[in-house]
Amino acid sequence: MVITENAQRLIFKKYGGFSEERLEEMKHAFEIFKKGALQRKNLIRTGESNPKEFMAWIHQQDSVIVELTSNY
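Residues numbered from 1 in each chain as written. Predicted model: local features only at pLDDT ≥ 70, side-chain atom pairs only at ≥ 80, totals over all residues. Heavy atoms only, no water.

K.L.:
Explain helix α3 (residues 51–70) to me, please; I cannot follow it from the model alone.
P.N.:
One turn of an α-helix holds 3.6 residues; hence residues three or four places apart share an orientation. End to end, α3 covers 29 Å across 20 residues, agreeing with the expected 28 Å (1.5 Å per residue, within 8%). For α3, every residue scored as buried is listed here: Trp57, Gln61 and Leu68. Looking at the buried residues of α3, the elements they touch are α2 (20–45). Where α3 begins, the side chain of asparagine 50 points an oxygen toward the backbone nitrogen of lysine 52, at a separation of 3.0 Å. (Helix = DSSP H or I, 4+ residues; strand = E, 2+ residues; numbered from the N terminus. Expected span 1.5 Å × (residues − 1). Buried < 20%, exposed > 50% of the residue type's maximum accessible area, 1.4 Å probe, protein only. Contact = heavy atoms within 4.5 Å. Polar contact = N/O pair within 3.5 Å; in protein donor to acceptor, adjacent residues only side chain to side chain.)

Put into structure tokens, the structure is as follows:
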């Protein structure tokens, strides 16, 4: 299948230039992040954790985001 130059520009604009494989990796990583965030939110709700620990975890996730978005 040949993709025209115009179609390539539209794909780049819509998906930020990420390949389909990379988009799937990012989607999978986001699903893992959402599950972890929900678990930590529930720990805060039950008093087993606190917001400060949650924010520390969020900051740790920064390196994952940078890695996923910079290696394409």
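K.L.:
Got a minute to help me understand the packing of α2 against α3 in this structure?
P.N.:
The packing of two helices is summarised by the inter-axis angle and the distance between the axes. Orientation of α2 relative to α3, taken along the N-to-C sense of each, is 175°, at an axis distance of 11 Å. The orientation of α2 relative to α3 falls into the category roughly antiparallel. Counting all contacts with α2, which are made through Arg22, Glu25, Met26, Ala29, Phe33, Gly36, Ala37, Arg40 and Ile44, the residues of α3 involved are Pro51, Phe54, Trp57, Ile58, Gln61, Leu68 and Thr69. When its residues are assigned to classes, the contact of α2 with α3 shows 10 nonpolar, three polar and three charged. (Axes fitted to C-alpha atoms, helices over the stretch in contact; angles between N-to-C directions. Parallel < 35°, antiparallel > 145°, perpendicular 65-115°, else oblique. Nonpolar A, V, L, I, M, F, W, Y, C, P; charged D, E, K, R; others polar.)

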